[in-house]
Amino acid sequence: IISKVQDNGDIMELGAGCGLPGLTAAAMLQNNQDDSNANNNTNTSSANTDGETSGNNNNETKVIFTDYNPAVLENLKRNIELNEFDVSHEVYGLDWFHQQPAGHNDDDEDRAGVMKREENIYVERDANTWLDTEGKSHGQLKLILGADLI
């Protein structure tokens, strides 16, 4: 699974709590990246014009950890720090029930990707995004992990 996700999109853990599934995904990504780098260094090493060794060191996949409770998010950040992995990652607050852009209320009509807001202003909305608890929109994900989601 990790090899199919790597370089093709981000991984999100919903309701991360302590972050075990996300930490596992990060460890697997790092191992896959380390193996790939080792293979590239032994099979295709060559000096470039700067004298550096070329190889695939471009792991764009990011592990995103989410939870709702601020205390849990702080503990999650600490767990990530303790695990010392070298994979791009982020921690966000996420409320599953509030996934409407700022200014939206339940009485607004939502049709064909256009959301009616107050003052009769129509704003295009991308249905392939999610919002963190601060209202910031984030892109589509490749894989969503969850465990003990209640």
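The shown structure was predicted, so the numbers you read here are calculated from the model rather than taken from an experiment.

**Side note on the sheet that holds strand E3 (residues 89-93)**
(1) Moving on: Across the sheet, which stays open at both edges, the four strands sit in the order E3-E2-E1-E9 with parallel pairing between neighbours. Each having just a single partner strand, E3 and strand E9 (143-146) make up the two edges of the open sheet. Strand-to-strand, the axes of this sheet are offset by a mean angle of 20 degrees, without reference to chain direction.
(2) Moving on: Two elements, strand E2 (residues 63-67) and E3, share five bridges in a ladder whose sense is parallel. What sits directly across from Phe65, in E3, is Val91.
(3) Moving on: Against the sheet, helix H3 (residues 70-83) touches E2 and E3, its axis set at about 170 degrees to E3.

**Side note on the packing of aromatic side chains**
(1) Moving on: In this structure the tally under the stated criterion is one aromatic pair.
(2) Moving on: Measuring from ring centre to ring centre gives 5.7 Å for Tyr92 and Trp130, while their planes differ by 75 degrees; the resulting arrangement is edge-to-face. Of this pair, Tyr92 sits in strand E3 while Trp130 sits in strand E7 (residues 130-131), and the two are 38 residues apart along the sequence. For the pair Tyr92 and Trp130, a shared accessibility class is recorded, and that class is buried.

**Considering the pattern of salt bridges**
(1) Moving on: Scanning the entire structure with this criterion turns up four salt bridges.
(2) Moving on: In this structure, Lys62 engages Glu90 in a salt bridge whose closest nitrogen and oxygen atoms are separated by 3.4 Å. With a gap of 28 residues between them, Lys62 in the loop between helix H2 (20-43) and E2 and Glu90 in strand E3 connect regions that are remote in the sequence.
(3) Moving on: A salt bridge links Arg78 to Glu81; the nearest nitrogen and oxygen atoms lie 3.0 Å apart. One end of the pair, Arg78, and the other, Glu81, are both in helix H3, three residues apart, so they sit about a helical turn from each other.

**So, the pairing of E2**
(1) Moving on: Counting buried residues in E2 gives five out of five residues, a clear majority hidden from the surface.
(2) Moving on: Of the two faces of E2, the one holding Val63, Phe65 and Asp67 and the one holding Ile64 and Thr66 are both buried throughout.
(3) Moving on: As defined by bridge partners, strand E1 (residues 11-14) adjoins E2 across three bridges and the pair is classed as parallel. Following the sheet pairing, Ile11 is matched in E2 by Val63.
(4) Moving on: Assessed by its sense of winding, the connection that carries the chain from E2 through H3 to E3 is right-handed.

**Some thoughts on the nonpolar core**
The nonpolar side chains of soluble globular proteins are, as a tendency, buried together.
(1) Moving on: Ranked by size, the top nonpolar core spans 15 residues in total, and within it Ile11, Leu29, Val63, Phe65, Ile80, Phe85 and Val87 carry the most contacts.
(2) Moving on: Residue assignment for this core shows that the elements contributing at least two residues are helix H1 (2-5), H2, E2 and H3.
(3) Moving on: Residue contributions to this core peak at four residues, all from H2.
(4) Moving on: Residue contacts for Ile11: discarding those within four places in its chain leaves Ile2, Val5, Ala25, Leu29, Thr61, Lys62, Val63, Ile64, Leu143 and Leu145.
(5) Moving on: Core analysis: the next-biggest nonpolar cluster, separate from the first, contains six residues, Met12, Ile64, Tyr92 and Leu94 among them.

**Concerning the side chain of Thr61**
(1) Moving on: Locating Thr61 in the fold gives a position in the loop between H2 and E2.
(2) Moving on: At 3.5 Å, the side chain of Thr61 forms a polar contact with the backbone oxygen of Gly9.

**Describing the confidence of the model for the chain**
(1) Moving on: Averaged over all residues, the pLDDT of the chain equals 75, while 65% of them reach at least 70.
(2) Moving on: Note that pLDDT drops below 50 for residues 44-59; the model gives that stretch 23 contacts with residues more than four away or on any other chain.
(3) Moving on: Taken together, the stretch residues 108-123 has pLDDT below 50 and engages in 26 contacts with residues farther than four places along the chain or on a different chain.

Criteria and cut-off values
Residues numbered from 1 in each chain as written. Predicted model: local features only at pLDDT ≥ 70, side-chain atom pairs only at ≥ 80, totals over all residues. Heavy atoms only, no water. Pairing = 2+ DSSP bridges. Helix = DSSP H or I, 4+ residues; strand = E, 2+ residues; numbered from the N terminus. Axes fitted to C-alpha atoms, helices over the stretch in contact; angles between N-to-C directions. Contact = heavy atoms within 4.5 Å. Phe/Tyr/Trp six-rings, centres within 6.5 Å; stacked < 30°, edge-to-face > 60°. Buried < 20%, exposed > 50% of the residue type's maximum accessible area, 1.4 Å probe, protein only. Salt bridge = Lys/Arg side-chain N within 4 Å of Asp/Glu carboxyl O. Right-handed = clockwise from strand over helix to strand, strands pointing away. Core = buried A, V, L, I, M, F, W, Y, C linked by side-chain atoms within 4.5 Å. Polar contact = N/O pair within 3.5 Å; in protein donor to acceptor, adjacent residues only side chain to side chain. pLDDT = per-residue confidence, 0-100.

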